[in-house]
Amino acid sequence: FTGSTEVGKSVMRAAADNVKKVTLELGGKGANIVLDDADFDTAVDGSLFAFLVMSGQACESGTRLLVHESVHDEFVDRLVARAQTLVMGDPMSPATDLGPLVSAKQKARVEKYIALGQEEGCKVAFQGNIPTDPALAEGHWVPATILTGATNEMRIAREEIFGPVLVVIPFGNDDEAVAIANDSEYGLSAGVWSTDSGRALGIAHRLESGTVWINDWHMINAMYPFGGVKQSGL
């Protein structure tokens, strides 16, 4: 089963009656760690790709962006500048970077979380524009949104949104980055951006996540197992 953690638990309970084997690939709140020695050109594009694939409607999305405090402001500025170049529109058009959400219900859910983030004290560092083409008026549009000033205790940083929303959290050192990343009920995906492969691998081995990417995101190889730990599945 692939879907939400809540429904996955129901599947697991139902399977218990007949002692059926189950495989569950459930929710996530991927921690995407940008170290102070990261290559900005690669990490900026990769961080956008991490949370915007399928308009954020992917369980393994990197929706918590952890950035070293020494490069936080510069990285966010670069991220916003790059996000401003993205085109939102018809998903069948080659010129489109970002399409609509799957339903009006999901659109309302995502918008509720964006409002909640601001109530919790986050700042909207970036929010894109929705298409103005009348032919696209019925699309369930939510623009890419980047929230800064977040802490890992906020609901916006702990609950899966399943939309194009990124929460940026600063950290001071590698140990703090690992602690923040692991402080989640989920454990489906994580990533590390660094030009020091030894440092990145050392952090990767400490992350409680079914998949950890280094200088990449969403790379899935069918030859390798894919799944999560904790509330992200079996």
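Now for a description of the structure that goes with this document. Not measured: the values here are computed from a predicted model.

Overview of helix 6 (residues 174–182)
By the burial criterion, the buried members of helix 6 are Asp 174, Ala 177, Val 178, Ile 180, Ala 181 and Asn 182. Close packing links the buried residues of helix 6 with strand 1 (31–34), strand 2 (64–68), strand 5 (165–171) and helix 7 (197–204). Of the residues that open helix 6, the one with a side-chain oxygen 3.2 Å from the backbone nitrogen of Asp 175 is Asn 173.

Structural notes on the sheet that holds strand 7 (residues 211–214)
Pairing between the strands of a sheet comes from backbone hydrogen bonds, and it takes one of two forms, parallel or antiparallel. Reading across from one edge, 3-4-5-2-1-6-7 is the order of the 7 strands in this open sheet, with mixed pairing throughout. Looking at strand neighbours, the two that pair on one side only are strand 3 (123–127) and strand 7, the edges of this open sheet. Here the strands of the sheet are splayed against their neighbours by 20 degrees on average, with no regard to which way each runs. Here 4 bridges tie strand 3 to strand 4 (residues 145–148), and the two strands are oriented antiparallel to one another. Residue pairing for strand 4: Phe 126 is matched across the bridge by Ile 146. Where helix 3 (residues 72–83) meets the sheet, it contacts strand 1, strand 2, strand 3, strand 4 and strand 5, and its direction lies at approximately 135 degrees from that of strand 2.

Brief notes about the side chain of Ser 184
Note on placement: Ser 184 falls in the loop between helix 6 and strand 6 (189–193). Looking at Ser 184, the relative accessible area reads 11%, which means it is buried. Filtering out sequence-adjacent residues up to four positions away, Ser 184 remains in contact with Lys 29, Arg 64, Arg 158 and Lys 230.

Comments concerning the packing of aromatic side chains
Working definition: an aromatic ring pair is given by the centre-to-centre distance plus the angle between the planes. Tallied over the entire structure, the rule returns 2 aromatic pairs. Arranged with centres 5.2 Å apart and planes meeting at 85 degrees, the rings of Phe 40 and Phe 75 form a pair that is edge-to-face. Pair noted here: Phe 40 is in helix 2 (residues 40–52) and Phe 75 is in helix 3, with a separation of 35 residues, a long-range link. For the pair Phe 40 and Phe 75, a shared accessibility class is recorded, and that class is buried. Ring centres of Trp 213 and Trp 217 lie 5.0 Å apart, and the angle between their planes is 40 degrees; on these two criteria the pair is classed as tilted. For Trp 217, a relative accessible area of 1% puts it in the buried group.

Analysis parameters
- Residues numbered from 1 in each chain as written.
- Predicted model: local features only at pLDDT ≥ 70, side-chain atom pairs only at ≥ 80, totals over all residues.
- Heavy atoms only, no water.
- Buried < 20%, exposed > 50% of the residue type's maximum accessible area, 1.4 Å probe, protein only.
- Helix = DSSP H or I, 4+ residues; strand = E, 2+ residues; numbered from the N terminus.
- Contact = heavy atoms within 4.5 Å.
- Polar contact = N/O pair within 3.5 Å; in protein donor to acceptor, adjacent residues only side chain to side chain.
- Pairing = 2+ DSSP bridges.
- Axes fitted to C-alpha atoms, helices over the stretch in contact; angles between N-to-C directions.
- Phe/Tyr/Trp six-rings, centres within 6.5 Å; stacked < 30°, edge-to-face > 60°.

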